[in-house]
Amino acid sequence: MPRLAPARQLPGLLLLWSVLQLLPPPAAPGPLDRPGVRRLGTRGPAGSPGRRPAPTRAPYSGASEPGGNRGAGVCKSRPLDLVFIIDSSRSVRPLEFTKVKTFVSRIIDTLDIGAADTRVALVNYASTVKIEFQLQTYADKQSLKQAVARITPLSTGTMSGLAIQTAMDEAFTVEAGARGPTSNIPKVAIIVTDGRPQDQVNEVAARARATGIELYAVGVDRADMESLKMMASEPLDEHVFYVETYGVIEKLSSRFQETFCALDPCALGTHQCQHVCVSDGEGRHHCECSQGYTLNADKRTCAAIDKCALGTHGCEHICVNDRTGSYHCECHEGYTLNEDRKTCSAQDKCAFGTHGCQHICVNDRDGSHHCECYEGYTLNADGKTCAVQNKCVLGTHGCQHVCVSDGAASYHCDCFPGYNLNEDKKTCSAIEEARRLISTEDVCGCEATLAYQEKVSSYLQRLNSKLDDILQKLQVNEYGQVHR
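What counts, and where the lines are drawn
- Residues numbered from 1 in each chain as written.
- Predicted model: local features only at pLDDT ≥ 70, side-chain atom pairs only at ≥ 80, totals over all residues.
- Heavy atoms only, no water.
- Phe/Tyr/Trp six-rings, centres within 6.5 Å; stacked < 30°, edge-to-face > 60°.
- Helix = DSSP H or I, 4+ residues; strand = E, 2+ residues; numbered from the N terminus.
- Buried < 20%, exposed > 50% of the residue type's maximum accessible area, 1.4 Å probe, protein only.
- Axes fitted to C-alpha atoms, helices over the stretch in contact; angles between N-to-C directions.
- Parallel < 35°, antiparallel > 145°, perpendicular 65-115°, else oblique.
- Contact = heavy atoms within 4.5 Å.
- Nonpolar A, V, L, I, M, F, W, Y, C, P; charged D, E, K, R; others polar.
- Core = buried A, V, L, I, M, F, W, Y, C linked by side-chain atoms within 4.5 Å.
- Disulfide = S-S within 2.5 Å.
- Pairing = 2+ DSSP bridges.
- 1 Å grid on protein atoms, 1.4 Å probe; cavity = no way out; pocket = protein on both sides within 12 Å on 5 of 7 lines; lining within 4 Å.
- Points joined across faces, edges and corners; volume = space filled by probe spheres on them.

What follows deals with the packing of aromatic side chains. According to the stated counting rule, one finds 6 aromatic pairs in the structure shown. Each ring, one from Phe103 and one from Phe256, has its centre 6.1 Å from the other, and the planes form 65 degrees; the classification is edge-to-face. In this pair, Phe103 is assigned in helix H2 (residues 94-109) and Phe256 in helix H8 (residues 252-259), connecting sequence segments 153 residues apart. With a centroid separation of 5.4 Å and an interplanar angle of 75 degrees, the aromatic rings of Tyr216 and Phe256 are classed as edge-to-face. Here Tyr216 is found in strand E7 (residues 213-220), whereas its partner Phe256 is found in helix H8, with 40 residues between them in sequence. The exposure class of Phe256 is buried, given its relative accessible area of 0%. An aromatic cluster is present here, built from Phe103, Tyr216, Phe241, Phe256 and Phe260 joined pairwise through their rings.

In structure tokens form, the structure reads like this:
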């Protein structure tokens, strides 16, 4: 059957480079030195572990040796549907199986686990196959690692083909928690074995790859290299790994971290966003702006939003832009801002006592005011102070009968008809009565004089009473005009 290209394979250049750092100096080719196979844990003379050259550069992910978290936050794993297929046949001793579980847990540690991130399932196999947990079973690292720790070996036999078929039919399904093709989430399987498959693995692996599953094969000790290459995806040098013992398999966890890693420009500080960098996963990002700003056409820098120009500010009178990209409302003169910080109310400057009017302050409807003067006064050019216009109106003139205004500041007194102004220029005396008394009585006599004085006094009392009534009415009228 011709092999179909997988729907999506993870780039492996990072993995190739990182594994090369672990290789010892060139030696004579051995039986395991075949093309397309990466070896870890080779031994030096007398069986001592070979020394690994110091890396010439820091790995992309910043991952340290087992147990390390160097560079956390810089490398964010891409979302995956990841299924581990673990050989637990009798050839895998209990301590070695524990090493495999540690290897799986450390890969889980390097991933971003969650319903929207990476989902993990595990298939345990020997002569039989058991799905330990599905992709939808656990959504956090702690629960996943606890489930891995509980796994126990099965039995004899190495049915690798059956394990891959089971993963394809039962683990990589939407019902089991795998995401559909429209999600564009990669489907990845990592198979770990130390033996030769006892079934037909070639055709099963080809069908799995044809459905879009990317297969990584990890061989340990007596694993058959040709079988590993039959199972793995292309290119083989990025998908096939070999370690001599289970004691060094844990070191592969950092290699897989780099394979599944997407460099995070936001964490690295290389994003060039003026305000906010937002990671989109798989090494992608976009820029956003702080509140009150909008993203410019270059998609990196930000400009303050002119909310006043947008007309959506809600200010009743005046909208004022602030430097922070926000705004505040103000009111026209004579108005004060209400508690809602948007609407305005007319100020009662007359009540505040800040109007400056000398006599009377009158509030206008538009929040302003004007000054007026008492009767007898006129408003000066300053619009606030008042000047006397008619002293007669003021009621302080002292005239007994009539006050006649001679201008803004002067006046004189006059008398009613039949009366003469006395020498004090304010009081009046009756003319006809005096003449009648003089003509009918002896003005030289005491009686005539007394009678004349009494009648004059009587007339004056009546006149004063009338004048008091007139003055009282004038005062009432003036008071009403002042307080209108």
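This brings us to the packing of H2 against helix H3 (residues 141-149). Remark: H2 packs on H3, axes separated minimally by 10 Å, with the N-to-C direction vectors making an angle of 170 degrees. On the basis of the axis angle, H2 is roughly antiparallel to H3. For the pair formed by H2 and H3, the contact residues are Lys101, Val104, Ser105, Ile108 and Asp109 on the first element and Lys141, Leu144, Lys145, Val148 and Ala149 on the second. Among the residues making up the contact of H2 with H3, the classes are represented as 5 nonpolar, 1 polar and 4 charged.

The next point concerns the nonpolar core. The biggest cluster of nonpolar side chains holds 34 residues, and the ones touching the most others in it are Phe84, Ile190, Phe256 and Phe260. At the level of elements, strand E3 (81-87), H2, strand E4 (119-125), H3, strand E6 (187-193), E7, strand E8 (240-243) and H8 are the ones that each hand at least two residues to this core. The element best represented in this core is H2, accounting for 6 residues. With 31 residues, the next largest nonpolar core counts Ile85, Val123, Ala167 and Val204 among its residues.

On inspection of all chains with the given rule, the structure shows 11 disulfides. The disulfide partner of Cys315 is Cys329, and the S-S distance across this bridge is 1.8 Å. When the S-S torsion is -75 degrees, as for the bridge of Cys315 with Cys329, the disulfide is left-handed. Within this pair, whereas Cys315 is found in the loop between helix H10 (307-310) and strand E14 (318-321), its partner Cys329 is found in strand E15 (residues 327-330), the two being separated by 14 residues in sequence.

A few words now on the pairing of E4. Buried residues dominate E4, accounting for 7 of its 7 residues. On E4, burial covers both faces: Arg119, Ala121, Val123 and Tyr125 on one face and Val120, Leu122 and Asn124 on the other are all buried. Two strands pair when backbone bridges link them, and E3 and E4 are joined in this way by 7 bridges, in the parallel orientation. Bridging across to E4, Phe84 finds its partner in Leu122. As paired strands, E4 and strand E5 (residues 129-133) are joined by 4 bridges and run antiparallel to one another. Directly across from Tyr125, in E5, lies its bridge partner Val129. Counted between consecutive antiparallel strands, the loop separating E4 from E5 contains 3 residues.

Another aspect to go through is the environment of Ala147. Within the fold, Ala147 resides in helix H3. When its relative accessible area of 6% is taken as the criterion, Ala147 is described as buried. If sequence neighbours within four positions are ignored, Ala147 has contacts with Phe133 and Tyr138.

Attention shifts here to empty space enclosed by the protein. Counting across every chain of the model gives 3 cavities of 30 Å³ or more. Quantified by volume, the largest cavity comes out at close to 40 Å³. Lining of the largest cavity is provided by Ile86, Phe97, Lys101, Val104, Leu122, Asn124, Val148 and Ile151. When contributions to the lining of the largest cavity are tallied by element, the ones reaching two or more residues are H2 and E4. Sorting elements by how many residues they give to the lining of the largest cavity places H2 first, with 3 residues. In the lining of the largest cavity, the residues fall into 6 nonpolar, 1 polar and 1 charged.

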